[in-house]
Structure formats: C-alpha cells, structure tokens
Amino acid sequence: MERIERRLTNQISEVPLNETSAVFSRWMRHLKVRLGHLFIHKGFILLVIGFLLGRALILAKLIPFALPFFVSVYTLRRDKAGLAFIALVAGALTISFETALFVFAAMFNFLLLNQVVKKFWSDSLKIAPFVVFCLSFSTKLAVTYLWAGSPTMYESVMAFIEAGLGFVLTLIFLQSIPLLAVQKYKQSLRAEEIVSLVILLASMLTGTIGWEVSQLSLEHILSRYLVLLFAFVAGTTIGSTVGVVTGLILSLANVDNLYQMSLLAFAGLLGGLLKEGKKLGASFGLLVATLLIGLYGNGKAEAVPTIFESCLAAALFLVTPRTLTEKIAKYIPGTVEYVNEQQQYVRKIRDVTAQRVSQFSRVFQALANSFSNDRFVGDEKEEREIDYFLSNVTEKTCQTCFKKEQCWSQQFDKTYEYMKQMMLEADAGKLLQNHQLLREWNRHCVKGKKVVATMEKDVANYQANKKLRRQIRESRKLVAEQLLGVSQVMEDFAQEIQREQENHYLQEEQIFHALQEFGIEIGHVDIYSLEKGNIDIEMSIPYCEGRGECEKLIAPMLSDILDETIVVKREECAVYPNGYCRVAFGSTKAFVVETGVAFAAKGGGFVSGDSYSLIELGTGKYAIAISDGMGNGERAHYESNETLRLLQKILQTGIDETVAIKSINSILSLRTTDEIFSTLDLAMIDLQNASTKFLKIGSSPSFIKRGNNVMKIESSNLPIGIIKEVEFEIVSEQLKSGDLLIMMSDGIFEGPFVENHEAWMKRKIKELKTTDPQAVADLIMEEVIRASSGRIEDDMTVVVAKIKHNTPKWATIPAYMYTKKAQ
C-alpha cells in the first residue's frame, strides 16, 4: 500500500515539473524567434555592428571601417542605411568630436555624390570601392585642413593609406553584409565568404579596445572566444585562419597586441586538433596555447591576466548553446553537420523526385485502366447492337404492314427469334442457303421476301460497324498495354531513386583489413550494395603502373570473401604516378554470349535489306534480333534498320518485349500507306539462368545445336506493319552451356535449291565440327551459296550465338586466413 501511495505521489509531483519544463521550452523558443526577428529581419544587428565599427581605430588615428560599412549597407540593404548611419556616428562620438565629424562628413558626402554617380553608372556595386577611396581621401584632407590647417606630407600619406584600406574593406563588407540576412537558399559558405565574415567580426572587436572587466581586456576575451568557436565548429584549418586574421587586425589597432596573433593562431590550431574531445578538449587547447605563448608577451607579470582572460573565454564557450554551434557548422563545408545537411537536402530532393515520378506512374496506370475497361465488350452490348439492326429493318418493312399488330404484339417472341436467327445467318453469309428457315419465315410473314432482301442489304453496314468496333477495342487494348508498360517503368524508376546506400561499415572494414594483410595498399572502400548478383563496390588504390592488381589480385580476393564471382567493372587510372586509381567492382553474370555474324546482299551488292542487332541490356539480358525488310535495296534496308532501332530504344527503357513489339508494329503500320513491311526475329537471353524467349514475326525458324542434336524454333506470325494489331506467340526454351543458337533470314533458310529446306539445314548444322560462332556463321553462309550454284538470289544474314558459363579469367584467392566471410 505504501508503494502505491509513493508511486502516485511521484506521478503527481512530476506533472508540474513536466509542465514547467514545457512552458520554459516554449518561452525560450518564442524568445529566440522574437530576437531573430528583431536583430535579423528588422536589422537591429546593424546598430551593434555600426556602433563598434564607429569606434574602431587603426594605429590610434585611422578610421577605415565606418565609410565602407555604411556604403555596403546602403548598397545592399538601403532600407536599413539609417540605422547604420546613426550607429556609426554614435560610436565615433565615443572617440572624439573630430572622429565623429569625419564619419558624418564622409557619409553625408557619399549620399550627395551617389545621386550624381548613379546617373553615369548603373552598376553601383562595381563603382562603390572607388567612390569610397575618393571620398575617404578627400574628406580626411578637408577635415584635417579645417581642424589643424594645411595637412603635412605625413598626414597626406596616412590619408591615402586610410583610403586604400577603405577600398579593400568595401570589397570585403560587400561579401560579408549579405551573410547577416536570412537566406534560405544558401547551402554553404565559400572560403572567401568565411574570411570576409571573420574580418568583419575582427573589425568589430577593435571597437572594444579599451573596454575592461576587472582589469581583463574584453577584446582579448571575445577574440579568443571567436577563435575557439570557429576551431570547434570547422576544425584546424579554419580555426588557425581565424586566429591569424583576428590577431592581425587587433595588432594593427594596438601594437601591444602583436603577440596575440601568435597566441590566437596557435589556439585555433590546438582547438581544432582537440575538437574530438568536445568543448572541453577545444577549451583545453586554448589554455595550453595561452600558457605556451602568453609568457612571451610582456613578461611573467602579464601571464596571470592572460590566463584569466582565456578562462573567461573558455567559460563563455562552454555555455554557448549546442544549437548555435550546429547551426554555424551547417554552412561550413567539411563539417559533419554540413554533410548531414547536404545529405538531408539530397534526400529531400530524391524523395520529391521519386514521389513525382510515382505520381506520373499512377496517372499512366489510371489511363491504362480506363482504356482496358472496354465498354464495348459484353453480351448485353452485343444484344443491343442486334436490336438496333432489327429495329432498322423493321422500320423499313413492318412499319406499314397491315399484320404489324399480329406479329409484334401477339407473337413478339416468335417474330423476334425468327428475325434474330435470320440476321445471324445473314451475318455469316448463309441466309439464302438456309431454305428451311426461309420457308418457315415466309409462312409466318406476308412480306417475308422484302424483309430478307432488306436484311441482306443492311448486313454489310452491320458488319462494317462490327469490324470498326473490334478495331477500336484492339486499339484500346494496345494503348492500355503501352501505358501500363510506361507506368511500370516509371514505378521501378521511383523505387530505384528511393533505394538508399546501405551502411556496410563492418564489411568495409573486413575487406579493408583483408587486403592490407595481404600486402595491398588501399585508400578507401565504399560498399553500395551486397545484394546477390548485384554487388557494387568502389575502391581507391595507388597507381600500379599497369600491372593489373585490380583484376589479378583484388577481384579474386573479393570473390572469395563475398562467395560470388567479382570482376572489375570500371577503372579510372590516376593522372600522375603517385596518385590513386578509382576502381569499381561488381558481380558478373552466370552466362556469357559469344556471337558471330555473316551477311551478304542480293547479287553481291553493297546494301542489304537485312539488318541485325546485338543488344546487351542493363537488366541482365542479352537480345539478338534480325529484321528483313520487304524486297531489297535501300528501302528494305531502311525499314529493317528502323525496326531494330526502335526495338533497341524501347527495350533499353525496361519495357517488356511483347509491349515493345506491339508498339513498333503500331508505329510502322501507321507511319506510311505504302506496302512496305519487315520481319522480326528476336531472342531474349537471360544471362543469369540462360532461359530464352523467342518472338518470331514473319521470320524464318531458328535452330539450337546441343551436341549432336538440332532443335528447330518456329512460330507463324505476320510480318510487322501489315496489320495494326499484331498477335504473336512467344516460344520459351531453356538453353545450356555449350549450346549454339543459330538465327537466320529467309535468304539463308530458303536459299539452297533443295526440296526440303528444314531437313537440309538441320543436316548441315549437325555436320558442323566447330563450335566457334564466327566460323559456324561463315560455314553456313558458304554452304548456302554453294547449294545456290554460287548465286545470291536474296539478302542473306545469319547470326550464331554460343552460350557458355562465365569463367573468370583469374581464380579466386583464399582470404579466409585474413578475415571472415562478409555477410
């Protein structure tokens, strides 16, 4: 009982704490939003920057920051120029009245001169640095003349130097001011933008010179905090760069701070090196740099304040919110946060693209469904068409008959059945031969002969309408299949886009160590896929000077590690001897196809009406196609070549071969009204299991030679382009290693002057002693020409393909002694 009461008490006490935490979290988020809106959108951050830059001096005399900052703000954010004007004058007043006068006069003169300049130059960004140079130099000399008389040579040189610094700072501020605004499209900061931003921040720090907290210099604390922040976020390179730039600008403002450049640069270096230790590691780097460099400042007496300043900077860094450091890191290339942000952006683009492609796929699928739902199919629709036909006949014959009431009111069913049966007989062309039906009808109807004559006359229109409906139905079916094929290809593409690279850190480490233990130097290993039959691995290896280490050593070892035959897919050699080559390894296919081709034009001409194509598809299939155009010469060659070109383009998109051929037939039949047709003999070989589909459209039979056995593959289909809706049968056959597939045009099959072409061809193929595809093709061509008395009566083409197991060139190298099998 006490335990239950204690639990209830804890739950009751936790509720207010959770509510308080939620309220505080919402209040902090609201405060961040309000502050961001106030400083960024409203531009009040320019007040802070302007005030500090108005106080910033170099060598205690030069004021090069104020005018470039105002010109940059006026050029880029003109609506906020008033805030910058007020802040700069207010900051200059804290130095001296002469300084404020110079700042005010320079900005006021710019406003006047800008009205004149913009009439002659439309691009104010390009002319702004030159305007700043001229105004700074002339205004400085004028103020000096009014305040102390004619300027001396030293004062003139200093004015010229100040104008030169203003020229450079204008260029820098024009790059850094846009970074202070909200830019959602900005993905990363360039190196020059980072340096420009650091110069702006360091220039602001010079405005804090002379400010102290308990005899500790505020500029030292803030500069070390700035270096620590960038070293932790961006690493050694950026950290040391920020240290050098910040220290240089602070030393220009105060010569006593010259040693600070070394301290800040070393602190940035150590902070970046120790960033793996999180914030404590980076802070420790700052303290070590302070102890090593701080003693070389103004002696040991200054060491204690310097250490305290570093401790305050480290404490300020430790309380910096993690969200701030992560947000800064997202914009600096090379950081983990930047990589994650880029990956998230790419993933978002990928998902949006995949979603859009999937939407198009569903649209095409919906269109395919709408075409496949044929409203013209069905017994009910057929009965309705018969009723329309009989109504038309009745209107012409029975409408004025005196026995209409008796036939259609009293004997409706009998009359309707007689007319329907006669209509079906007329449709089949057998009405006049059915004498019994005609006698019964004449006894039933007083105008029987007139009805029969009218029916015989109108049945031609009925048959034409019926044929038209059938053609429409077939066209709808073809369009539905094409749309469904496109939909499937787009859906597969959308799924391929969404397939992410899996994490294979363990396998990458195993492969890396196995190859290193074997004595092969490896730069890195990236595994993109370990799917069986679709392995994809990339490596970088040192330049091997053409010794073939990838093919002879690495690929065989990977084959043993992954328990699958791996080969080199792609290799990019280094452009210089000490560089690294990038090599892609992948799975090889279980079977390979060797081909040989022989062809000849009619009469020994140069242009053959036959065309052939050997297509290796990316889906692990190999296509062999022969097309024979009707007739001979250029036109036949064009038709056959066009057929194969269209076939290759459509097959490479991933559309099923049956839909591809129907599409080609539809295109070729609609493209021209000339009687120009072409045959198509297509074999699709799956390189993983050697299963083969044969699609023969008006083509000659093919033969498979397996040992001493010869098998014939044939089917009966019309050539492509004769009718708009082609129907064909698909013949499937399982090939084996060592099989010879022989495909030929009709010029080869029907060329010999023999009685039985099939028996002759089988005998010649069986008598072949060689299995080399090219030699077989040449021998068949030679035998056909010999059997034709040396004449070539038609275009001849023969393609021979040999199926065999894919045996790697190099045997696997056992790697079990170096690593376990990668799973």
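Residues numbered from 1 in each chain as written. Predicted model: local features only at pLDDT ≥ 70, side-chain atom pairs only at ≥ 80, totals over all residues. Heavy atoms only, no water.

A. Summary view of the overall build of the protein. In terms of regular secondary structure, the protein is built from 27 helices and 16 strands. The 823 residues of the protein split such that 43% are buried. If you take every contact in the protein between residues at least 6 apart in sequence, the share linking residues at least 24 apart comes to 69%. Accessible surface, the protein: about 44200 Å² in total, of which carbon and sulfur atoms supply 57%. (Helix = DSSP H or I, 4+ residues; strand = E, 2+ residues; numbered from the N terminus. Buried < 20%, exposed > 50% of the residue type's maximum accessible area, 1.4 Å probe, protein only. Contact = heavy atoms within 4.5 Å. Areas by Shrake-Rupley, 256 points an atom, 1.4 Å probe, with all protein chains shown as cover.)

B. Structural detail: the packing of aromatic side chains. Applying the stated rule across the entire model yields 13 aromatic pairs. Relative to Tyr 612, the ring of Phe 599 lies with its centre 6.1 Å away and its plane at 40°, an arrangement referred to as tilted. Within this pair, whereas Phe 599 is found in strand E7 (residues 591–600), its partner Tyr 612 is found in strand E8 (residues 610–617), the two being separated by 13 residues in sequence. Tyr 612 gets classed as partly exposed once you look at its relative accessible area, which sits at 35%. (Phe/Tyr/Trp six-rings, centres within 6.5 Å; stacked < 30°, edge-to-face > 60°.)

C. Examining the environment of Arg 362 more closely. With respect to the helices, strands and loops of the structure, Arg 362 is situated in helix H15 (residues 336–372). Classification of Arg 362 as partly exposed rests on a relative accessible area of 46%. Residues Arg 362 and Glu 491 lie 129 residues apart in sequence; the distance between their C-alpha atoms is 8.2 Å.

D. Structural detail: helix H6 (residues 124–148). Here H6 contains 25 residues, and its C-alpha end-to-end distance of 34 Å stays within 8% of the 36 Å for a straight helix at 1.5 Å per residue. Phe 130 marks where H6 bends most, by close to 25°. Of all the positions in H6, only Ile 127, Ala 128, Pro 129, Val 131, Val 132, Leu 135, Ser 136, Thr 139, Lys 140, Val 143 and Thr 144 are classed as buried. On its buried face, H6 sits against helix H3 (66–76), helix H5 (97–117) and helix H7 (153–176). Residue Gly 149 follows H6 closely and has a positive phi angle near 90°. (Expected span 1.5 Å × (residues − 1). Bend = angle between axes of the 7 residues up to and from the residue.)

E. Local environment of a nonpolar patch on the surface. Together, Leu 113, Val 116, Phe 120 and Trp 121 line one region of the surface with nonpolar side chains, adding up to about 420 Å² of accessible area. Note that Phe 120 resides in the loop between H5 and H6. (Patch = residues over 30% accessible without salt bridge, like charges linked within 9 Å, V, L, I, M, F, W, Y side chains within 5 Å. Salt bridge = Lys/Arg side-chain N within 4 Å of Asp/Glu carboxyl O.)

F. Highlighting the sheet that holds strand E3 (residues 524–529). Read from one edge of the open sheet, four strands run E3-E4-E6-E5, paired in antiparallel fashion. Two strands bound the open sheet, and with one partner strand each, they are E3 and strand E5 (566–572). Averaged over all neighbouring strand pairs, the angle between strand axes comes to 25°, with direction disregarded. The sheet contact formed by strand E4 (residues 536–542) and strand E6 (residues 580–587) spans seven bridges and is antiparallel. By the bridge assignment for E6, Ile 541 is matched with Cys 581. Running over the sheet, helix H22 (residues 549–562) touches E4, E5 and E6 and is turned about 135° from E5. (Pairing = 2+ DSSP bridges. Axes fitted to C-alpha atoms, helices over the stretch in contact; angles between N-to-C directions.)

G. Representation of the nonpolar core within the structure. One finds Leu 53, Phe 69 and Phe 173 to be the most contacted residues of the largest nonpolar core, which totals 79 residues. Of the residues forming this core, the biggest block, ten residues, is contributed by helix H9 (residues 218–234). Beyond its immediate chain neighbours, meaning those up to four positions away, Phe 173 contacts Leu 53, Phe 65, Pro 68, Phe 69, Ser 72, Pro 178 and Leu 200. In terms of nonpolar packing, the next biggest core, distinct from the first, is built from 23 residues, Val 525, Ile 537, Cys 550 and Ile 813 among them. (Core = buried A, V, L, I, M, F, W, Y, C linked by side-chain atoms within 4.5 Å.)

H. Just the packing of H9 against helix H11 (residues 258–273), in detail. Where H9 meets H11, the axes come as close as 8 Å, and the angle between the chain directions of the two elements is 30°. Here H9 is positioned roughly parallel relative to H11, judged by the angle of their axes. Like other packed secondary-structure pairs, H9 and H11 cross with a definite hand, here right-handed. Where H9 approaches H11, its residues His 220, Ser 223, Arg 224, Val 227 and Ala 231 are matched on the opposing element by Gln 260, Leu 263, Leu 264, Ala 267, Gly 268, Gly 271 and Gly 272. (Parallel < 35°, antiparallel > 145°, perpendicular 65-115°, else oblique. Left-handed = near helix turned anticlockwise from the far one by under 90°.)

I. Spotlight on unusual backbone geometry. Even without a glycine there, the phi angle at Lys 278 is positive, about 65°. Mapped onto the secondary structure, Lys 278 falls in helix H12 (residues 278–294). Look at Ala 690: it is not a glycine, yet its phi comes out positive at around 65°. For Ala 690, the position within the fold is in the loop between strand E10 (680–686) and strand E11 (691–697).

J. Spatial organisation of the confidence of the model for the protein. On average, residues of the protein score 77 in pLDDT, and 83% of them reach the 70 mark or higher. Ranking the helices and strands of the protein by mean pLDDT puts strand E15 (residues 740–744) first, with 93, and helix H1 (residues 2–41) last, with 55. Long-range and interchain partners of residues 1–15, a stretch whose pLDDT sits below 50, account for zero contacts in this model, where long-range means more than four residues apart. Within the model, the stretch residues 817–823 combines pLDDT values under 50 with 17 contacts to residues more than four positions away or in other chains. (pLDDT = per-residue confidence, 0-100.)

K. Quick peek at the sheet that holds E7. Across the sheet, five strands lie side by side as E7-E16-E15-E12-E13; this open sheet has antiparallel pairing. For this open sheet the edge positions go to E7 and strand E13 (709–713), each flanked by a neighbour on one side alone. Sheet twist, expressed as the mean angle between neighbouring strand axes with direction ignored, is 20°. Pairing of strand E12 (residues 702–706) with E15, which is carried by three bridges, proceeds in the antiparallel orientation. By the bridge assignment, Phe 703 is partnered in E15 with Ile 742. Strands E7, E15 and strand E16 (796–805) of the sheet are contacted by helix H27 (residues 773–787), whose axis makes an angle of about 30° with E7.

L. Quick look at the pattern of salt bridges. Following the criterion strictly, the structure yields 16 salt bridges and no others. Glu 783 serves as the salt-bridge partner of Lys 764, at 3.3 Å between the closest nitrogen and oxygen. Taken as a pair, Lys 764 in helix H26 (residues 757–766) and Glu 783 in helix H27 lie far apart in primary sequence, 19 residues in all.

M. Geometry of the environment of Glu 509. Note that Glu 509 resides in helix H21 (residues 505–517). What makes Glu 509 partly exposed here is its relative accessible area of 46%. Here the alpha-carbon distance between Glu 509 and Asp 526, two residues 17 residues apart in the chain, equals 9.9 Å.

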